[in-house]
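Chain residues, written in single-letter form:
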Amino acid sequence: MDSPTQNTSLQRLQNVEKRIVRVLELAGGVMDELANPMGPRKEFINNHCREFMKMIKDIQVTLRDEIKSACEYRPFEKCDYSSRISNEICCKKLEYVLSQLDAMKQTIDEYQGEVTM
């Protein structure tokens with residue numbers, strides 16, 4: 001089930017989607033008005049452009065906040081997987097070093113055995 005944070009985030013993104021549709025409707029309305037054979041109505045265009053710019057700014061702020069929130073989300077923050085893997089790698093390295101030391105000791109013992117003979 002979705003957490004409340006994810007649910008509200010999805011709701012905010014759905015609202016952004018609705019505002020984007022409205023922004024496109026505003027832009028279409030301005031284009032229709034500019035194509036009006038009797039000439040565009042200045043007040044109509046000004047109102048639509050003002051609303052367009054306000055909605056674009058609101059959309060940018062909301063998306064910026066959602067991106068920031070998504071970047072802060074750390075689902076595996078309390079997971080110990082990476083530390084366990086790191087410990088296993090260290091153990092393997094230690095085993096390798098010990099085997100190399102054993103091999104060196106054996107070589108030294110063999111050398112000393114040959115020298116004493």
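Placed above this text is the structure.
Keep in mind that what you see is a predicted model, and the values were worked out from it rather than measured.

Enquirer: Account for the nonpolar core, naming residues and giving values.
Expert: In this structure, Val 16, Val 23, Leu 26, Met 55 and Ile 59 together form the largest nonpolar core, which totals 5 residues. When residues no more than four places from it in sequence are discounted, the contact partners of Val 23 are Phe 52, Met 55, Ile 56 and Ile 59.

Enquirer: Pulling in residues and values, what's your account of the packing of aromatic side chains?
Expert: Tallying each qualifying case throughout the model produces 0 aromatic pairs. The ring of Phe 44 carries Arg 41 above its face, with NZ or CZ at 4.8 Å from the centroid.

Enquirer: Give me the lowdown on the side chain of Glu 66, citing residues and values where you can.
Expert: Inspection of the secondary structure puts Glu 66 in helix 2 (residues 42–72). When its relative accessible area of 9% is taken as the criterion, Glu 66 is described as buried. Within the structure, Glu 66 has its side chain in polar contact with the side chain of Ser 9 (distance 2.5 Å). Beyond its immediate chain neighbours, meaning those up to four positions away, Glu 66 contacts Ser 9, Arg 12 and Leu 13.

About the criteria used
- Within any chain, residue numbers begin from 1 and follow the written order of that chain's sequence.
- Given that the model is predicted, a residue must reach a pLDDT of at least 70 before its local features are reported, and side-chain atom pairs must reach 80 or more before they are shown or counted; all residues, however, enter totals for whole chains, interfaces and linings.
- The side-chain values count all of the structure's non-hydrogen atoms but skip hydrogen atoms and water molecules.
- To define a nonpolar core, start from buried Ala, Val, Leu, Ile, Met, Phe, Trp, Tyr and Cys residues and group those joined through side-chain atoms within 4.5 Å.
- Three exposure classes are used, based on accessible area relative to the maximum for each residue type with a 1.4 Å probe and protein chains only: buried under 20%, partly exposed in between, and exposed over 50%.
- Any two residues whose heavy atoms approach within 4.5 Å at even a single point are treated as in contact.
- Side-chain rings of Phe, Tyr and Trp (the six-membered ring for Trp) are treated as a pair once their centres are within 6.5 Å; stacked means planes under 30 degrees apart, edge-to-face means over 60, and tilted covers the remaining angles.
- Comment: the charge-over-ring label is applied if NZ (Lys) or CZ (Arg) is within 6 Å of the ring centre and within 35 degrees of the ring normal.
- Numbered from the N terminus, helices here are DSSP runs of H or I no shorter than four residues, and strands are runs of E no shorter than two.
- In protein, a polar contact means a hydrogen-donor-capable atom and an acceptor-capable atom, both N or O and within 3.5 Å, with residues adjacent in sequence counting only if both atoms are side-chain atoms; elsewhere, any N or O pair within 3.5 Å suffices.

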